[in-house]
Amino acid sequence: LQLKRLLSISTITSTNMGSSAAASGPSSLKLVGLVAAWYAGNTLYNIYNKKATNMIHAHWFVAAAQLVVGVVWSMVMWGTGMRKTPNLTASDIAACVPIGLFACLAHAGSVLAMGVGAVSFAQIVKACEPAFAAVIGLLLPPIDVKPMLAYAMLIPIVGGVGLACVKEGKGVDINVTAFAWASMANMAAALKGKVGGSVTKSLKGDKSKNMDSANVYAVMNIISFLFNVPMVVIAEMDTLQVEWDKATAEHGAQALIINIALSGFFFYIYNEFAFAFTANVGAVTSSVLNTAKRVIIIVVSSIVFVEPMERNTVIGSAIAIGGTFAYSLASKVKPAAKKKKA
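Residues numbered from 1 in each chain as written. Predicted model: local features only at pLDDT ≥ 70, side-chain atom pairs only at ≥ 80, totals over all residues. Heavy atoms only, no water.

Topic: the overall build of the protein
1) Next: The helix and strand tally for the protein stands at 13 helices and two strands.
2) Next: Looking at the protein as a whole, 47% of its 342 residues are labelled buried.
3) Next: Across the protein, the fraction of contacts at a sequence separation of at least 24, relative to all contacts at a separation of at least 6, is 86%.
4) Next: Total accessible area on the protein stands at roughly 16300 Å², and carbon and sulfur atoms take up 69% of it. (Helix = DSSP H or I, 4+ residues; strand = E, 2+ residues; numbered from the N terminus. Buried < 20%, exposed > 50% of the residue type's maximum accessible area, 1.4 Å probe, protein only. Contact = heavy atoms within 4.5 Å. Areas by Shrake-Rupley, 256 points an atom, 1.4 Å probe, with all protein chains shown as cover.)

As C-alpha cells, then:
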C-alpha cells in the first residue's frame, strides 16, 4: 500500500513539477508532501541499502542493481507516455557523460561506505561535502568564491566530524575504509555539482529537449548505471557468484532480492522528490532541509541497526551538521552592492 501511494505521488509530482514552479507558486501542502516523501524515501533507502549490503558482500553489484530499478522506472514512464521522452542530441548526451560518471562514483561511494561501516558514521562523514565543494569551487573554472563566513563554517564541519571519530578511552577510532568511500562520494558529488550546473541549466532551459528536473535525473541515472557496470566486472565479477550463493544460502534469495529492489526503488524515488522540491523552492531551502535529513537518518539507523552513539559522536555530529546548515545559508548570501561615489 505504501509503495502504491509513493508510486502515484511520484507520477503526479514528476508530471507537474515543471509547470507548478512556473505558475503562481507551489502550495504549502504540496511542499510539505514533497519533503515528507523525500525524507521517508531517503530514510527507507538507507535502511534497505544497509540490509542488502549486510547480506551480500558485493557492494558494487548492489549499487548497480539499485540503479537498474531507476532505469526500468524511467523506461516505463517514457514508454507509457506518462512522462515526455527526452529529445537529446549526441552532443547533449556527451555533455551529460561526466555528470553521470560523478553521479556513479557518488552513489557507489555511499553504498560502499555504508556497506563496510555504520550508516550513522557514513552520514557524519558525508556532512563534510561542503568542504569538498568549496575546494572544487576554487580549483576548477569558473572559480566560485564563497563569502568568508561560508568558509568559516567549514571549521565546525571538519572539527565536528573529527570529534565524532574520537572514542572515549580509545582516542581516534576511524573505520578507514568507510571514511575513504564516503570521502570519495563527497568528492564525486562536489564534482558533479560543479560540472553539471551549467549543463543541466541549459538542458532544462530548452523546452524542445523535454528535460525537466525528473528527466534530467533519469538520464543521469542511466549514464551512472552504464559507468557502474564496468566497476562490477573489475572489482567483483570473480567472486560475485560465490558471494551470491553464500548470501542466498544464509538469507534466502527472496529476502536478498527484495532488499536490493526496495533500496533501488526508494533511492530513485527520494531523488525524484528531492529534485521536485528543489525545482519548486530553490537550492538554499533544499540545502537546509538536506542537512536536517541527515539527523533523521542518523537517529533512525542508530535505532534500527543498534549502532552505538557515544557522547563524542553525538556532539561531533551535531556540530558538523550545524556547521553544514550554517554553510548552506552563508554560501548563498549575496555581497552587498557597492555604493557609487557622488
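As for the side chain of asparagine 49
1) Next: Within the secondary structure, asparagine 49 is located in helix H2 (residues 28-55).
2) Next: Excluding residues that lie within four positions of it along the chain, asparagine 49 makes contacts with Val62, Gln66, Val111, Met114 and Ser263.

With respect to a nonpolar patch on the surface
1) Next: A contiguous nonpolar patch, built from Val172, Ile174, Val176 and Phe179 and spanning about 360 Å² of accessible area, is present on the exposed surface.
2) Next: You can see phenylalanine 179 is positioned in helix H9 (residues 176-205).
3) Next: Judged by its relative accessible area of 33%, phenylalanine 179 falls in the partly exposed class. (Patch = residues over 30% accessible without salt bridge, like charges linked within 9 Å, V, L, I, M, F, W, Y side chains within 5 Å. Salt bridge = Lys/Arg side-chain N within 4 Å of Asp/Glu carboxyl O.)

Points about the nonpolar core
For soluble globular proteins, the rule of thumb is that nonpolar side chains tend to be buried together.
1) Next: Ranked by internal contacts, the top residues of the largest apolar core, which has 55 residues, are Trp38 and Tyr45.
2) Next: Looking at this core, the elements with two or more residues in it are H2, helix H3 (59-79), helix H4 (90-116), helix H5 (119-126), H9, helix H10 (213-251) and helix H11 (253-281).
3) Next: No other element matches H11, which puts 13 residues into this core.
4) Next: Here tyrosine 45 is in contact with Gln66, His107, Val111, Met114, Ser263, Phe266, Phe267 and Tyr270, once residues within four sequence places are set aside. (Core = buried A, V, L, I, M, F, W, Y, C linked by side-chain atoms within 4.5 Å.)

Some words on the confidence of the model for the protein
1) Next: In this model, the protein carries a mean pLDDT of 85, and residues with pLDDT of at least 70 account for 86%.
2) Next: Below pLDDT 50 for its whole length, residues 17-24 participates in twelve contacts with residues either more than four positions away or in separate chains. (pLDDT = per-residue confidence, 0-100.)

Observations concerning H4
1) Next: The end-to-end C-alpha separation of H4 is 38 Å, in line with the 39 Å expected for 27 residues at 1.5 Å each.
2) Next: Of all the bends in H4, the largest measures some 30° and sits at valine 97, one to four residues before the proline proline 98. (Expected span 1.5 Å × (residues − 1). Bend = angle between axes of the 7 residues up to and from the residue.)

Some words on the packing of helix H6 (residues 129-139) against H9
1) Next: Following both chains from N to C, one finds H6 and H9 inclined at 45°, their axes separated by 8 Å at the closest point. Between H6 and H9, the interaxial angle falls into the category oblique. Pair H6 / H9 crosses with right-handed handedness. On H9, the residues touching Glu129, Phe132, Ala133, Ile136 and Gly137 of H6 are Ser183, Asn186, Met187, Ala189, Ala190, Leu191 and Lys194.
2) Next: A class-by-class count of the residues in the contact of H6 with H9 yields seven nonpolar, three polar and two charged. (Axes fitted to C-alpha atoms, helices over the stretch in contact; angles between N-to-C directions. Parallel < 35°, antiparallel > 145°, perpendicular 65-115°, else oblique. Left-handed = near helix turned anticlockwise from the far one by under 90°. Nonpolar A, V, L, I, M, F, W, Y, C, P; charged D, E, K, R; others polar.)

Re the packing of helix H8 (residues 154-164) against helix H13 (residues 311-330)
1) Next: Axis separation between H8 and H13 bottoms out at 7 Å; the angle between their running directions is 160°. Here H8 lies roughly antiparallel to H13, going by the angle between them. Crossing of H8 against H13: the hand is left-handed. Residue-level contacts link Leu154, Pro156, Ile157, Gly160, Val161, Leu163 and Ala164 of H8 to Asn312, Thr313, Ile315, Gly316, Ser317, Ile319, Ala320, Gly323, Thr324 and Tyr327 of H13.
2) Next: When its residues are assigned to classes, the contact of H8 with H13 shows ten nonpolar, seven polar and no charged.

Examining the packing of aromatic side chains
For any pair of aromatic rings, the description rests on two quantities: the centre-to-centre distance and the angle between the ring planes.
1) Next: Per the counting criterion, the structure on display carries nine aromatic pairs.
2) Next: When the ring of tryptophan 38 is compared with that of tyrosine 39, the centres are 5.6 Å apart and the planes differ by 75°; the resulting orientation is edge-to-face.
3) Next: Measuring from centroid to centroid gives 6.0 Å for phenylalanine 61 and tryptophan 244, while their planes differ by 85°, and the two rings are edge-to-face. One end of the pair, phenylalanine 61, is in helix H3; the other, tryptophan 244, is in helix H10, with 183 residues separating them in the sequence.
4) Next: Here phenylalanine 61 falls in the partly exposed class, since its relative accessible area comes to 22%.
5) Next: Three or more aromatic residues joined by ring pairs form one cluster here, namely Tyr45, Phe267 and Tyr270. (Phe/Tyr/Trp six-rings, centres within 6.5 Å; stacked < 30°, edge-to-face > 60°.)

Structural notes on the pattern of salt bridges
A side chain of one charge can pair with a side chain of the opposite charge if their charged atoms are brought near each other.
1) Next: Following the criterion strictly, the structure yields four salt bridges and no others.
2) Next: Between lysine 209 and aspartate 92 there is a salt bridge, and its shortest N-O distance comes to 2.7 Å. Taken together, the positions of lysine 209 in the loop between H9 and H10 and aspartate 92 in helix H4 put the pair 117 residues apart, joining distant regions of the chain. Of the two residues, lysine 209 and aspartate 92, both sit in the buried class.
3) Next: The residue glutamate 243 makes a salt bridge to lysine 246 at a minimum N-O spacing of 4.0 Å.

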